[in-house]
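# Chains, contacts and geometry: an overview
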Amino acid sequence: MVHGWADQRWTLARVKTLIGRLFHVSYTVEGTWRLLKRQGRSWQQPTRRAIERDDAAVELWKEEAWPPGRAVRRRVTAGSSSRMRPASR
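Overview of the structure. (Residues numbered from 1 in each chain as written. Predicted model: local features only at pLDDT ≥ 70, side-chain atom pairs only at ≥ 80, totals over all residues. Heavy atoms only, no water.)

## Re the overall build of the protein chain
Worth spelling out the cut-off: Per the convention used, a helix needs a DSSP run of H or I reaching at least four residues, while a strand needs a run of E reaching at least two, with both numbered from the N terminus. Burial classes follow relative accessibility: with a 1.4 Å probe on protein chains only, a residue under 20% of its type's maximum area counts as buried, one over 50% as exposed, and anything between as partly exposed. Here the accessible surface of atoms and residues is derived via Shrake-Rupley with a 1.4 Å probe, and residues count as covered only by protein chains that are part of the display.
Across its full length, the protein chain carries three helices and zero strands. Taken from the N to the C terminus, the helices and strands of the protein chain come in the order α-α-α. Within the protein chain, the fraction of its 89 residues that count as buried is 10%. For the protein chain, the exposed area adds up to about 9,400 Å²; of that, 54% sits on carbon and sulfur atoms.

As structure tokens, this is what we get:
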């Protein structure tokens, strides 16, 4: 709250902004992450989950809507190493 944000989340964008304000140095968000990583910092995750969370609904969503890990491979067919289409010969 001291730095002007209503909540206490320290996102990379906020850290980047604060570094710019305090030290007059411009970093990208990726550069900010690398800087923090070099200093031994790591991302943090809340220890508690939201009360409203419905684990059964999350599992159902994962099964139904979650994108597959890999795309379906096309069948291997005999081809030609020529860049010209066979019909154009």
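## A look at the side chain of Arg 14
As for its position among the elements, Arg 14 is in helix H1 (residues 12–23). What makes Arg 14 buried here is its relative accessible area of 13%.

## Examining a nonpolar patch on the surface
How we decide: Patch construction takes residues with relative accessible area above 30% that form no salt bridge. Like charges are linked within 9 Å, and nonpolar side chains (Val, Leu, Ile, Met, Phe, Trp, Tyr) are linked within 5 Å. Throughout this description, the term salt bridge denotes a Lys or Arg side-chain nitrogen within 4 Å of a carboxyl oxygen of Asp or Glu.
The grouping of Leu 22, Phe 23 and Val 25 at the surface amounts to a nonpolar patch, some 310 Å² of accessible area in total. With respect to the secondary-structure elements, Val 25 resides in the loop between H1 and helix H2 (29–38). On the basis of relative accessible area, Val 25 is assigned to the partly exposed category, the value being 37%.

## Observations concerning H1
Quick reminder of the rule: Multiply 1.5 Å by the residue count of a helix minus one, and that product is the helix's expected span. When we speak of the arc, we mean the arc of directions from the helix axis to the C-beta atoms. Whether two residues are in contact is decided by their heavy atoms, any of which lying within 4.5 Å being enough.
Taking 1.5 Å per residue, twelve residues should reach 16 Å; H1 reaches 16 Å between its end C-alpha atoms and fits that length. For H1, the complete set of buried residues consists of Arg 14, Val 15, Leu 18 and Ile 19. Buried residues of H1, seen end-on, are gathered within an arc of 140° and therefore sit on one face of the element. Looking at the buried residues of H1, the elements they touch are H2. One or two residues past the end of H1 sits His 24, with phi positive at roughly 55°.

## What to know about the pattern of salt bridges
Two side chains carrying opposite charge are able to pair once their charged atoms lie near each other. Scanning all chains against the criterion turns up four salt bridges. As a salt-bridge pair, Asp 7 and Arg 9 come within 2.7 Å of each other at their nearest N and O atoms. Overall, Asp 7 belongs to the partly exposed group, its relative accessible area being 28%. With a closest N to O distance of 2.6 Å, Arg 53 and Asp 55 form a salt bridge. Take Asp 55: its relative accessible area is 45%, and that puts it in the partly exposed class. The network of salt bridges with shared partners includes Asp 7, Arg 9 and Arg 14.

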